[in-house]
Amino acid sequence: MTNIPTVLAFDLGAGSGRALIGEMEEIAPGGSRQLKITEIHRFPNVPVRIGEHLHWNTLGLLQEIKTGISKAFQLGYKPESCAIDTWGVDFGLIDANGELLGIPYHYRDRQTEGLVEELSAKLGAERLFAESGLQFMPFNTMYQLYAMKKANSPKLDAAETLLLTPDLLNYFLTGRKACEFTMATTTQLYDPAKRAWNKPLMQGLGLSDSLFLEPVQPGTEIGQLTEEIRAELGVPRLKVIAAVSHDTESAAAAVPASSPSFAYLVSGTWSLLGTQMQEPLLNPDVLKLDFSNEGGAGGSYHLLKNIMGLWILQECKRIWEQRGETFSYPQLVAQAEATEAFRSLIDPDDLRFMNPDSMPEEIAAYCRENGQPQPRTIGETVRCILESLALKYRMVLEQAEQLTGTVFAGLHMVGGGIQNELLCHFTAGAIGRPVWTGPVEASAIGNMLVQLQAGGYLADMQEGVELVKASFPISTYEPEQQSEWQNAYARYQQLMEVMPC
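Residues numbered from 1 in each chain as written. Predicted model: local features only at pLDDT ≥ 70, side-chain atom pairs only at ≥ 80, totals over all residues. Heavy atoms only, no water.

Trainee: Account for the packing of helix H13 (residues 329-337) against helix H15 (residues 378-404), with residues named and values stated.
Mentor: Direction vectors running N to C along H13 and H15 enclose 90°, while the axes themselves pass 7 Å from each other. Between H13 and H15, the crossing angle belongs to the class labelled roughly perpendicular. Contacts from Leu332, Gln335, Ala336 and Glu337 of H13 reach H15 at Ile378, Gly379, Val382 and Arg383. In terms of residue class, the contact of H13 with H15 is built from four nonpolar, two polar and two charged. (Axes fitted to C-alpha atoms, helices over the stretch in contact; angles between N-to-C directions. Helix = DSSP H or I, 4+ residues; strand = E, 2+ residues; numbered from the N terminus. Parallel < 35°, antiparallel > 145°, perpendicular 65-115°, else oblique. Contact = heavy atoms within 4.5 Å. Nonpolar A, V, L, I, M, F, W, Y, C, P; charged D, E, K, R; others polar.)

As structure tokens, this is what we get:
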């Protein structure tokens, strides 16, 4: 019997991580193939507050990855390789002895507050955008490093190499340092036009340009598991591959689009809405509308925008649970469905929602300050969040069309957030076009496609997209209640002080 090509994908999100096995099976001899995915390990990813700072439990994540590798072989799988995708921007610093300096900061740590404005005034927003192509987000790597510089952090002086989160974890597994391309483009220190690190900007910020390794493309073999890890886990040799390591772009690589020109929304803790392009778009309109150019599979670029996403609902749920009001997400959605439509709306991207002490109270305060009724119940709060997200998606979709000169037939939604069917219905209503949803595990699937291509089982990533289409169901949501959504959008534009396009 022919061995089934098998790979192991680690997909780490801001709240949890997963280890999934991918098996490429023939459904008929010599015929079409399908990708079968099996989750073998799931674990929480809980940040740790130490004093005034918020950190990732990076060593805990490493231990969970080791557990995932061990489980894969214990269950009888024989993966040829493994790869890791994570969120962007965060990093660890490695000293001359090859050891980690300190505990990596969490992107929601408040050390970077005010630095977007400070560096824009110091260096010029136009220059910063032209040389990075990125949306000005306070957690970008550049601002984190500048915060450490301002605080006279001794870690910067002792550091020899900066490794972004998936690169850091790959280093722990293999002992080899590498920097993957898509992650490099999230730092705001990579020049997309030159496709190189922006060393003059680093030097201008007082940062050593020797910290940054030359990026490698997705599909590059980083190395094998170290002998120490193999002995610890009792496992055979296993290749570690650089995935499309930024989870957003990994998910985008798995979007089952039928046209090369498509719009997608990766829905989870964050919502990332964008479209794939061959080259970055760096004109002033992109800066004005606060979009990003981030690297993708095959050296492509994606014009996209970060939207706060389901983080707002997740934080509300956490606060309600602290108060003894415990509900599952389906129960929260059911309460939202039973409430009045379009009663209150928020801007999900207002920075007050980045990391407040109490998200429900912050939402109520926003509504009060903007002359709207405050949500009185949990259901009203949930509906406010979901309707506001859907309306924000419409705004950003129309802005993407304005920037690219393309009209998209609908919107592909992928990621864990598509399990919230009410949000999918709302999004179709808000944009007035079909919404196609699936697959849920898009980031992990994109990770697997890169590994399968690296192993010679896929000719290119487009063949991988065809494999996704053959393997996973797609649901369609058609727009409803168009007059109500159109009226709500007019209100929303007024709230955002944005004139219609």
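There is more to say after this.
Trainee: A description of unusual backbone geometry should follow, citing residues and the corresponding values.
Mentor: Between Gly438 and the following residue, Pro439, the backbone shows a cis peptide bond with an omega angle of 0°. The backbone of Asn152 sits at a positive phi, close to 55°, despite the residue not being glycine. Take Asn152: it is sitting in the loop between helix H4 (141-150) and helix H5 (154-158). The class for Asn152 is exposed, based on a relative accessible area of 64%. (Buried < 20%, exposed > 50% of the residue type's maximum accessible area, 1.4 Å probe, protein only.)

Trainee: Run through the environment of Pro154, naming residues and quoting values.
Mentor: As for its placement among the helices and strands, Pro154 is situated in helix H5. Judged by relative accessible area, which is 60%, Pro154 ranks as exposed.

Trainee: Tell me what's going on with the sheet that holds strand E7 (residues 91-95), and back it up with residues and numbers.
Mentor: Hydrogen bonds between backbone atoms are what pair the strands of a sheet, whose relative direction is either parallel or antiparallel. An order of E8-E7-E9 is seen for the three strands of this open sheet, with the pairing classed as antiparallel. Unpaired on one side and paired on the other, strand E8 (100-101) and strand E9 (159-164) mark the two borders of the sheet. In the sheet, E7 pairs with E8 via two bridges, with the strands oriented antiparallel. Bridged to Leu93 within E8 is Leu101. Sitting on the sheet, H4 touches E7 and E9, and the angle it makes with E7 is about 50°. (Pairing = 2+ DSSP bridges.)

Trainee: If you had to explain the state of the cysteines to someone new, which residues and values would you point to?
Mentor: Within the structure shown, the criterion is met by zero disulfides. Here Cys367 stays unpaired: no disulfide links it, and the sulfur of Cys384, its closest cysteine neighbor, is 4.5 Å away. Overall, Cys384 belongs to the buried group, its relative accessible area being 2%. (Disulfide = S-S within 2.5 Å.)

Trainee: Go over the pairing of strand E16 (residues 263-267), please, and point to the residues and values.
Mentor: Most of E16 sits out of view: five of its five residues are buried. Joining the antiparallel neighbours E16 and strand E17 (residues 271-277) is a turn of three residues. Where E16 and strand E20 (residues 411-414) come together, three bridges link them in parallel fashion. Each bridged residue has a counterpart across the sheet, and for Val266 the counterpart in E20 is Val414.

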